[in-house]
Amino acid sequence: MRLYLRRQEEERIRKIQNWTLIYGRRKTGKTTLVKNNLKYETYVFVTDVNSAIEDDRIVKVNDALNDVKETLRKGGTAVIDEFQRLPEVYWSLISTWAPSGVLVALGSSYGIVSKVFDRNSPLLGLFTPLEIGLLHYEDVLSQLEDPVLSVLFRDPWIIPFINSYEELVERVKEFVLIGKGLIGEVFKEEDKQLTDLYYKILLLLGEGRWRSSEIAGIIQPKGGEPTVASMINKMAKMGLVEKIPTLGRENYYKVESPPLSLILYAESKYMVSEREVKVPELPIGKEVQFTVGEMLAKYFGGEQYYSPKEDIDVVIVKRKKPIWAFEVKIGEISKSEMIEGVKRMSKVAEKVGFISLKEKPEEIGDLSLGPKDLTKIAKGLSKI
């Protein structure tokens, strides 16, 4: 599917008037956002330490930077894409061009942020940061009006390849190599190596193993659980892993990208890259649960929590107090399930609700939401 989805960050891009560092994980749409929404005179794409692409030509980095300098000197706007590939020896030179013009640097890593804003960086005080992560669910849903596909399309790289969740399941073997390549790219841009240990941890996270102690027990790394916890936290800083607080003392860790999470699940559970196997289903319900929960947290002005002990899909916490508890399902929710759910969730939060992506549940509890209701909420929240 060739599709451009508008997103709320567009307005921030259009309003850029000072030197800005736009950063985020690989393939989240930073380049597309800038090219579609920022008026610039010079655009330089750094390919390696020696070369860059400018006006569809491969040029030397020195020549490309001279064009950037000239644009800024005239008060214009220039863009340096893949800024993290630019040798830091150039940073002191670039700092002498400030405050002329508007320089927008795009970095496909999170590590570039700490380097640029380090107290010893020559660029400190010249740039303001702007993070670009996955698309907001409300932005996608308000345009597609498809609650399930919108979960997958939060990660832009998958959009050209599929038209439905069912197609992802059918073709998941094709996406395993793409997914591993994308993860490898992220590690490369963060100046790290995708080791077997990192990949095993991601596979287990995709499978739904979220406790560092459980993961350590399975792969038994040198250093035990502290090693696993440290590696998970590193991947969270790289934009690969999401941390969701629970009502207990633990955090729930999951692969942040919904399609990447499902692909890793398929590889971990069925080894689809090594054998011919028909995958019956993928745990899309988990991805729907946390994605819808994130949107509802914004809607109710709270923070999304998870409750593994009580098995509650979504808990909205405000001022450290659980105000809403929701059960989220892709299919129908029966009346008996709702009655049992009310008893269970009422022990945790002030109000309880039920969400079905197939049809609106019965009016049991304090709130029932169907696909049309979710779309209406998304359109109200979306800033596009």
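**Q** In this structure, what is going on with the overall build of the chain? I would like to understand it.
**A** In terms of regular secondary structure, the chain is built from 16 helices and 14 strands. By the compact-globule yardstick of 21 Å for 384 residues, the chain fits well, its C-alpha radius of gyration being 23 Å. Projected onto its principal axes, the C-alpha positions of the chain cover 70 × 45 × 40 Å. A total of 384 residues make up the chain; the buried ones form 53% of that total. Summarising the internal contacts of the chain: among those between residues at least 6 apart in sequence, 62% fall at separations of at least 24. Taken as two groups, the 57 positive and 56 negative side-chain charges of the chain have centres that lie 3 Å from each other.

**Q** What is the right way to look at the pairing of strand 11 (residues 312–318) in this model?
**A** In regular strands, side chains alternate between the two faces of the sheet. Across the seven residues that make up strand 11, a large majority, six, are buried. Summarising the sheet, strand 10 (residues 303–307) and strand 11 pair through four bridges and their orientation is antiparallel. Following the sheet pairing, Glu-303 is matched in strand 11 by Val-317. With five bridges joining them, strand 11 and strand 12 (residues 321–329) adopt antiparallel strand pairing.

**Q** What am I meant to see in the packing of helix 14 (residues 284–299) against helix 16 (residues 371–381) here?
**A** The description of two helices packed together rests on the angle between their axes and the distance between the axes. Helix 16 packs onto helix 14 with a crossing angle of 55° between their chain directions and a minimal axis gap of 11 Å. Compared by their axis directions, helix 14 and helix 16 come out oblique. Our pair here, helix 14 against helix 16, has a crossing hand that is left-handed. Counting all contacts with helix 14, which are made through Val-292, Met-295, Leu-296, Lys-298 and Tyr-299, the residues of helix 16 involved are Leu-374, Ile-377, Ala-378 and Leu-381. A breakdown of the residues in the contact of helix 14 with helix 16 according to their chemical character gives eight nonpolar, no polar and one charged.

**Q** Is there a simple way to explain the sheet that holds strand 4 (residues 57–60) in this structure?
**A** In sheet architecture, strand pairing relies on hydrogen bonds along the backbone and comes in two forms, parallel and antiparallel. If you trace the seven strands from one edge of the open sheet to the other, you get 4-3-2-5-6-1-7, paired in mixed fashion. The strands lining the two open edges of the sheet, one partner per strand, are strand 4 and strand 7 (128–131). Shown here is a sheet whose adjacent strand axes are inclined to one another by a mean of 25°, direction ignored. When strand 1 (residues 20–23) meets strand 6 (residues 102–107), the two strands line up parallel, connected through four bridges.

**Q** Is there a simple way to explain the packing of aromatic side chains in this structure?
**A** Think of a pair of aromatic rings as described by two things: how far the centres are apart, and how the planes are tilted against each other in angle. Per the counting criterion, the structure on display carries 18 aromatic pairs. Geometrically, the ring pair formed by Tyr-252 and Phe-290 is tilted, given 4.8 Å between the ring centres and 35° between the ring planes. Highlighted residues: Tyr-252 in strand 9 (residues 251–255) and Phe-290 in helix 14, separated in sequence by 38 residues. Side by side, Tyr-252 and Phe-290 carry an identical accessibility label, which is buried. Relative to Phe-300, the ring of Tyr-299 lies with its centre 5.0 Å away and its plane at 80°, an arrangement referred to as edge-to-face. In this structure an aromatic cluster arises from ring pairing among Trp-19, Phe-83, Trp-91 and Phe-127. Above the plane of the ring of Tyr-43 lies Lys-35, whose end atom (NZ or CZ) is 5.0 Å from the centre.

**Q** Looking at this structure, how should I read the side chain of Asn-37?
**A** Mapped onto the fold, Asn-37 is located in helix 2 (residues 30–37). Asn-37 sits in the buried class, given a relative accessible area of 11%. One polar contact links Asn-37 to Arg-14, side chain to side chain, over a distance of 2.7 Å. Beyond its immediate sequence surroundings of up to four residues, Asn-37 is in contact with Tyr-4, Glu-10, Ile-13 and Arg-14.

Definitions and limits used
Residues numbered from 1 in each chain as written. Predicted model: local features only at pLDDT ≥ 70, side-chain atom pairs only at ≥ 80, totals over all residues. Heavy atoms only, no water. Helix = DSSP H or I, 4+ residues; strand = E, 2+ residues; numbered from the N terminus. Rg over C-alpha atoms; globule rule 2.2 N^0.38 Å. Buried < 20%, exposed > 50% of the residue type's maximum accessible area, 1.4 Å probe, protein only. Contact = heavy atoms within 4.5 Å. Lys, Arg positive; Asp, Glu negative; His and termini not counted. Charge placed at Lys NZ, Arg CZ, Asp CG, Glu CD. Pairing = 2+ DSSP bridges. Axes fitted to C-alpha atoms, helices over the stretch in contact; angles between N-to-C directions. Parallel < 35°, antiparallel > 145°, perpendicular 65-115°, else oblique. Left-handed = near helix turned anticlockwise from the far one by under 90°. Nonpolar A, V, L, I, M, F, W, Y, C, P; charged D, E, K, R; others polar. Phe/Tyr/Trp six-rings, centres within 6.5 Å; stacked < 30°, edge-to-face > 60°. Lys NZ or Arg CZ within 6 Å of the ring centre and 35° of its normal. Polar contact = N/O pair within 3.5 Å; in protein donor to acceptor, adjacent residues only side chain to side chain.

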